[in-house]
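# Fold and contact review
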Amino acid sequence: MKLKPAEIKVGRNDPCPCGSGRKYKKCCLDKEQTKPANLRDIYTSKYKIKFKESQDIDGIRTCGRLALATLDMVQENLQSGITTDAINTLVHDYTIKNGATPAPLHYRGFPKSVCVSVNEVICHGIPGERVLQEGDIVNVDVTPILKGYYADVNKTFIIGSPGEDAAKIVKVARKSLKAGMSMVQPGNTIGDIGWAIQRYAEGKGCSVVREFVGHGVGFDFHEAPQVPHFGRKGEGIVLFPGMVFTIEPMINLGVRHLKILEDKWTAVTKDGSLSAQFEQTILVTENGFESLTPYDL
């Protein structure tokens, strides 16, 4: 796919695409008239957003296929009795075998090659000796680096037959991601994504974690912009073709509050309730979006 240099038509009285909340005529319109610049220039200079060109998108898409293949391989091996460290070994070995590097390993001191989060663990679970049991839910979050490009994807799996609570939270988390993705198109805002997720999840009696958000990705593990999974419609940065970011809502069955364990990584629900998450890497296109790590929702 070849991206054309994109331009979004913004009316004088429309919200400014820079995300300030002010009208365009009272914000960036004068700046653009006095100093010629397209919206990409504004986004790059003000928000440090790294736009992706066609060759970059191809690289991220290829990396995304490896990430999805890794999750498929893990799913085939999931069963009651497996340890989370065994999952780490599977992911690490498969990633290396396919000519890539696991991005989490040694990232800011993280000691493993994948995040594995079980039941009440919201995210950043460090693989270890925990043994998966019948009825557990387990999120596996993989990010390979392939030929300099990153793709980020995760799924929550159910071990064996789920209980009622487990089935509910996994379904709500999956559909929350779908709701957020449905808002991605040029001219919509970051706030639209969070609004759709929050509206759906809370409508199902669940809560949305606020401390962790989606993020730009592709050239680095974490880039601008941040993508909260809660928010108000119409607020935040306006979406623009060539932006690549993750949407990865973390949904709790109970309250949204969390605590971080002594390892300084593992985030768990404060009330001990179940938490589930699904994630895809999303490209904003001229007419909507493309998932670079696509799977059915």
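An account of the accompanying structure is given in this report. (Residues numbered from 1 in each chain as written. Predicted model: local features only at pLDDT ≥ 70, side-chain atom pairs only at ≥ 80, totals over all residues. Heavy atoms only, no water.)

### With respect to the overall build of the chain
Rules: By definition, any uninterrupted DSSP run of H or I lasting at least four residues is a helix, any uninterrupted run of E lasting at least two residues is a strand, and each is numbered from the N terminus. Throughout this description, buried means an accessible area under 20% of the type-specific maximum (1.4 Å probe, protein chains only), exposed means over 50%, and partly exposed covers the range between. The criterion used for residue contact is that any of the two residues' heavy atoms lie within 4.5 Å.
Each helix and strand in the chain was counted, giving six helices and 17 strands. Residue burial in the chain is summarised as follows: out of 297 residues, 54% are buried. Pairs at least 24 residues apart make up 68% of the contacts formed inside the chain by residues separated by at least 6 positions.

### A few points about unusual backbone geometry
The residue after Ala-224, namely Pro-225, is reached through a cis peptide bond having omega 5 degrees. Mapping Pro-225 onto the fold places it in strand β10 (residues 223-227). Located in the positive-phi region is His-106, a residue other than glycine, with phi close to 70 degrees. Secondary-structure assignment places His-106 in the loop between β1 (101-102) and β2 (115-118). Here Asn-119, not a glycine, exhibits a phi torsion of approximately 55 degrees, which is positive. Residue Asn-119 is classed as buried on the basis of its relative accessible area of 13%.

### Brief notes about the side chain of Asn-154
In plain terms, the rule: N or O atoms within 3.5 Å of each other form a polar contact, as long as, within protein, one can give a hydrogen and the other can take it, and as long as residues adjacent in sequence are counted only when both atoms are side-chain atoms.
Checked against the element boundaries, Asn-154 lands in strand β7 (residues 153-158). A distance of 3.0 Å separates a polar atom in the side chain of Asn-154 from a polar atom in the side chain of Asn-139. There is a polar contact of 3.4 Å between the side chain of Asn-154 and the side chain of Asp-141. Apart from the residues lying within four places of it in its own chain, the contact partners of Asn-154 are Leu-71, Asn-139, Val-140, Asp-141, Gln-277, Phe-278, Glu-279 and Tyr-295.

### Details of the sheet that holds strand β8 (residues 207-208)
This is how the line gets drawn: Strand pairing is assigned whenever DSSP identifies at least 2 bridges connecting the two strands.
The strand order across the open sheet formed by three strands is β8-β12-β15, and the pairing between neighbours is antiparallel. The sheet is open, and its two borders are formed by β8 and β15 (275-277), each paired with just one other strand. Two strands pair when backbone bridges link them, and β8 and strand β12 (residues 250-252) are joined in this way by two bridges, in the antiparallel orientation. Opposite Val-208, over in β12, you have Ile-251 as the bridge partner.

### Observations regarding a positive patch on the surface
To be explicit about the condition: Patches in this entry comprise residues that are over 30% relatively accessible and not in a salt bridge; like charges within 9 Å are linked, as are nonpolar side chains (Val, Leu, Ile, Met, Phe, Trp, Tyr) within 5 Å. Only the protein chains shown count as cover for residues, with accessible areas throughout obtained via the Shrake-Rupley method and a probe of 1.4 Å. By convention in these notes, a salt bridge is any Lys or Arg side-chain nitrogen within 4 Å of a carboxyl oxygen on Asp or Glu. In this charge count, Lys and Arg are treated as positive and Asp and Glu as negative; neither His nor the chain ends contribute. To locate a charge, take atom NZ for lysine, CZ for arginine, CG for aspartate or CD for glutamate.
There is a patch of like positive charges on the surface, built from Arg-22, Lys-23, Lys-26 and Lys-46. For Lys-23, the position within the fold is in the segment before α1 (28-34). We classify Lys-23 as partly exposed; its relative accessible area is 41%.

### Notes on the environment of Ile-60
Structurally, Ile-60 is set in helix α3 (residues 54-77). Put simply, Ile-60 and Lys-147 are 87 residues apart on the chain and 9.3 Å apart in space, counted from C-alpha to C-alpha. Among all residues touching Ile-60, those that are not within four sequence positions of it are Lys-52, Tyr-149, Tyr-150, Ala-151, Val-217, Gly-218, Val-244, Thr-281 and Leu-292.

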